[in-house]
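# Structural overview
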Amino acid sequence: VTITTRLLVSHLSGIRHYEKDITKVKEEKEKVNRALKLTKSHQDKEQKEKEGKGIEKTDCVKQKKERDSETKSRNSKPGRNDKEFEQEEYYLKEKFESVIESLKIFKNDPLFFKPGSQFLYSTYGFTLLSAVVERASGQKFTDYMLKMFRDLDMLSTVLDDNEAMIYNRARCYIYNKKGRLVNAPYVDNSYKWAGGGFLSSVGDLLKFGNALLYSYQAGQFKNRNGKLLPGYLKPGTVAMMWTPVPKTEVSWDRDGKYAMAWAVVEKSQQYGCCRRQRHYASHTGGAVGASSVLLILPEELEPEALGTCPAAPPRGVIVTIICNMQSVSLNSTALKIAREFDKEKRAQ
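Within an unreviewed UniProt entry, the label attached to the chain reads LACTB protein, and the organism entered is Helopsaltes ochotensis.

Next up, the structure:
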């Protein structure tokens, strides 16, 4: 088979995630698909009932339970179930000296499916991607990334190295089986730098989001007398990264598809004066003792106004949340915040 970097970055490679048993993965995917179909049928039924004269109180209770179940489903990571953090490989304590060395964890395992045929979120796919970056750049992956973070002025973003003294490093927490708050267990993330091995701050993630949004929109402001600096990436590169890829899915946002390392919702409206989707890109993060999200909601720029528009890019709303608590669903909260700021901005 052939595995390309595009397949890796879109989680279509067939490389496993933390679960080694393909049967369990298939069962979980089938369960999620059934739940989504059931949710859709309930939504259709709810809509028909709303169009009628009234809804019985018992139906309201039932619908609330269905909505709660739906919210829980869409805020989970693709391929993730409630017991994912029970996987042993989340808690590795071995220190790997290079990303090439960390490939030994999964390099001899069979692919779960033919590359390009199915979607399966895979942290190890990004570990392989980091090895590609290392060989292509001729530098250690970590050195390459730290230089990039410096270029982006993300000076608080560092490796999650247990030995290093890192100023303001947060303590991480989890709930134990009795529901009590306890310290997260010791782990060494050197086996997955690309998929979950960096520490950052909300300020740095906002800089990252601004750099991407600026790059995305820079090509739309060509008539500013050459005063506009180029983006860190080409506009076409970011547009490609934010273009949904066929056969992908995003369980944390039912409106979205997976693109290239981003979940993307496309602009859409089916009926006049009805529900309207805005274009935005987001990604959640989950680790032992921590959760995060970064959401980018670009401003809808009217072509005829670009020539007279006084403000340069980035134009839009960027929301990021980091919390030192495991298994916290943040995407829907970030989207609500972004919409409120966007609504306030448009009202001015």
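From this point, the narrative continues.
## A word on the overall build of the chain
Helices and strands together make up the secondary structure of the chain, namely 10 helices and 11 strands. Among the 348 residues that make up the chain, the fraction classed as buried is 39%. Counting only contacts in the chain whose residues sit at least 6 apart along the sequence, the fraction spanning at least 24 positions is 67%. Put simply, the chain shows about 20400 Å² of open surface, and 53% of that area lies on carbon and sulfur atoms.

## What to know about the environment of Ser130
In this fold, Ser130 is placed in helix α5 (residues 123–137). With 63 residues separating them in the primary sequence, Ser130 and Trp193 have C-alpha atoms 8.0 Å apart.

## Quick notes on the pairing of strand β11 (residues 316–323)
With 6 of 8 residues buried, β11 lies mostly within the body of the structure. Across 8 bridges, the pairing between strand β10 (residues 290–298) and β11 is antiparallel. Within the sheet, the bridge partner assigned to Leu295 lies in β11 and is Val319.

## Focus on the pattern of salt bridges
Summed over all chains, the structure comprises 17 salt bridges. Arg278 serves as the salt-bridge partner of Asp342, at 2.7 Å between the closest nitrogen and oxygen. Note that Asp342 is positioned in helix α10 (residues 331–347) and Arg278 in the loop between β8 (276–277) and β9 (280–287), a separation of 64 residues in sequence. Like Asp342, the residue Arg278 is buried in the burial classification. Through salt bridges that share partners, Lys267, Arg276, Arg278, Glu300, Asp342 and Arg346 make up one connected network.

## Topic: the side chain of Asp160
Note on placement: Asp160 falls in the loop between β1 (158–159) and β2 (173–175). Residue Asp160 is classed as buried on the basis of its relative accessible area, which comes to 16%. In this structure the side chain of Asp160 is engaged in a polar contact, spanning 3.1 Å, whose partner is the side chain of Asn189. Sequence-distant contacts of Asp160, that is, excluding residues within four places in its chain, are made with Arg169, Asn189, Trp193, Gly197, Phe198 and Leu199.

## A look at unusual backbone geometry
For the peptide bond that leads from Pro313 to Pro314, omega is 5 degrees, which places it in the cis range. Relative to the elements of secondary structure, Pro314 occurs in the loop between β10 and β11. In this model, Asp153 sits at a positive phi of 65 degrees, which is unusual for a non-glycine residue.

## Description of the sheet that holds β9
What links the strands of a sheet is backbone hydrogen bonding, and the strands pair in either a parallel or an antiparallel sense. Across the sheet, 5 strands lie side by side as β5-β6-β9-β10-β11; this open sheet has antiparallel pairing. The sheet terminates laterally at β5 (257–258) and β11, the two strands that pair on one side only. Along the sheet, helix α8 (residues 202–218) makes contact with β10 and β11, crossing β11 at roughly 150 degrees. Helix-sheet contacts for α10 involve β9, β10 and β11, and the interaxial angle to β11 is about 150 degrees.

The rules behind the values
- Residues numbered from 1 in each chain as written.
- Predicted model: local features only at pLDDT ≥ 70, side-chain atom pairs only at ≥ 80, totals over all residues.
- Heavy atoms only, no water.
- Helix = DSSP H or I, 4+ residues; strand = E, 2+ residues; numbered from the N terminus.
- Buried < 20%, exposed > 50% of the residue type's maximum accessible area, 1.4 Å probe, protein only.
- Contact = heavy atoms within 4.5 Å.
- Areas by Shrake-Rupley, 256 points an atom, 1.4 Å probe, with all protein chains shown as cover.
- Pairing = 2+ DSSP bridges.
- Salt bridge = Lys/Arg side-chain N within 4 Å of Asp/Glu carboxyl O.
- Polar contact = N/O pair within 3.5 Å; in protein donor to acceptor, adjacent residues only side chain to side chain.
- Axes fitted to C-alpha atoms, helices over the stretch in contact; angles between N-to-C directions.

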